[in-house]
Amino acid sequence: MTLEDRCAKMFNKESAMFVPTATMGNLICLMTHCQERGAEVIMGRKSHTFLYECGGLAQLAGVHTNAIDNSPTDGTFNLQDIRDNIRDTSNVHYPLTKAISLENTQNRCGGLVLPISYFQQVRELADEHKIAVHLDGSRLLNACVAAGVEPSAYTSLVDSVNMCFSKGLGTPAGAIIAGTAEFCKRARRSRKALGGGMRQAGVLAGAAMYALNNHVERLKEDHDNTIILAKFIDENGGPIASVDMGKVHTNILFVNFTNILAVEVVKRLAKVTEKEKLALGRSIIVKVDAYSKSEVRCVCHLNVSKEDIELVTIKLKYVLDELK
């Protein structure tokens, strides 16, 4: 069974197609749903496609984005907000709403797992207005492991899905999109136009197959490591560092800092002073990202072990005591 056949079956879709990156996967899927000029996609204001994919829908596809607020609690957006933003097709002043784009897990909201019940509600709303639903499932398997469900529990409720192999699954590169056979036939032409057709795809597909065979169940280890780190900060971070334990669902953790810029924390964690080396008896470098002036994002993955997390807590304890 090929990688594409395997993923189509896993997603309960007719067809699937390999793409080099998840960013290209989202772009291709939404381009395919928005074939005519003047089309629009509704998505969350904190969605990866809206924030971090270089406006590719506008740049390359001529597709308008209508961004609505994500709930900070669970990463969803309000159903009434979706309804209110679906355009009246009889009014020539408006673009045409062609798709709703969901993201699961929701990266910018902290790796939150969206409820299946929410997908069902969005599906009903989309069917009522005859528009498509796309799922940016770059970390879909993290969501499935956390929720204890098969991928098809989510993907059966959407028209297209995009899943990344190089995040939690740990491959060098690659992603997969899936939908109907006709959808993938159209999408294949967009992939070619975007430079995503690769004669060397088999090498990356082999890595993806290995990851599906060996790296799915172990995603729980990443989630467990994230909880260990979150609990440590929750217990030791005050008064300058805090986490919302209720929002630790998967492998992403946002830490909020007070009275110090997040970028300064990132720089300090990446540096080892002589005084620190003498105190700890070792050199520990922690690599994290500043996501806003006050937020630092930490991500646990295949290359971060439980022993590594123990080292992170040692470093954090020293740096937090230094900064207090």
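To be clear, the structure that these remarks concern was listed above.
Residues numbered from 1 in each chain as written. Predicted model: local features only at pLDDT ≥ 70, side-chain atom pairs only at ≥ 80, totals over all residues. Heavy atoms only, no water.

Caption draft 1: Molecular detail of the sheet that holds strand S6 (residues 160-164). With mixed pairing, the seven strands of this open sheet are ordered in space as S1-S7-S6-S5-S4-S2-S3. Among the strands making up the open sheet, the edge pair consists of strand S1 (15-19) and strand S3 (64-68). The sheet shows a mean angle of 20° between the axes of neighbouring strands, direction not considered. Note that strand S2 (residues 39-44) and S3 share five bridges and pair parallel. The residue of S3 that forms the bridge with Glu40 is His64. Where helix H1 (residues 3-11) meets the sheet, it contacts S1, S6 and strand S7 (175-179), and its direction lies at approximately 125° from that of S1. (Pairing = 2+ DSSP bridges. Helix = DSSP H or I, 4+ residues; strand = E, 2+ residues; numbered from the N terminus. Axes fitted to C-alpha atoms, helices over the stretch in contact; angles between N-to-C directions. Contact = heavy atoms within 4.5 Å.)

Caption draft 2: Fine view of the layout of surface pockets. In this model, the largest pocket occupies a volume close to 450 Å³. For the largest pocket, the lining is made up of 25 residues, of which Val286, Lys287, Val288, Val299 and Val312 are closest to its centre. For the lining of the largest pocket, the secondary structure elements donating two or more residues are helix H11 (219-236), strand S9 (252-257), helix H12 (262-269), strand S11 (295-299) and helix H14 (306-323). Sorting elements by how many residues they give to the lining of the largest pocket places H14 first, with five residues. Counted by class, the lining of the largest pocket contains 19 nonpolar, two polar and four charged residues. (1 Å grid on protein atoms, 1.4 Å probe; cavity = no way out; pocket = protein on both sides within 12 Å on 5 of 7 lines; lining within 4 Å. Points joined across faces, edges and corners; volume = space filled by probe spheres on them. Nonpolar A, V, L, I, M, F, W, Y, C, P; charged D, E, K, R; others polar.)

Caption draft 3: Quick peek at the pattern of salt bridges. With the rule as written, the count across this model stands at 15 salt bridges. Here Arg123 makes a salt bridge to Asp127, at a shortest N to O gap of 3.0 Å. Of the two residues, Arg123 and Asp127 both sit in helix H6 (residues 116-129), four residues apart, roughly one turn of that helix. Overall, the relative accessible area of 12% leaves Arg123 in the buried class. Residue Arg123 is joined to Asp159 by a salt bridge in which the shortest nitrogen-to-oxygen separation is 2.9 Å. Of this pair, Arg123 sits in helix H6 while Asp159 is found in the loop between helix H8 (152-155) and S6, placing the two residues 36 residues apart along the sequence. (Salt bridge = Lys/Arg side-chain N within 4 Å of Asp/Glu carboxyl O. Buried < 20%, exposed > 50% of the residue type's maximum accessible area, 1.4 Å probe, protein only.)

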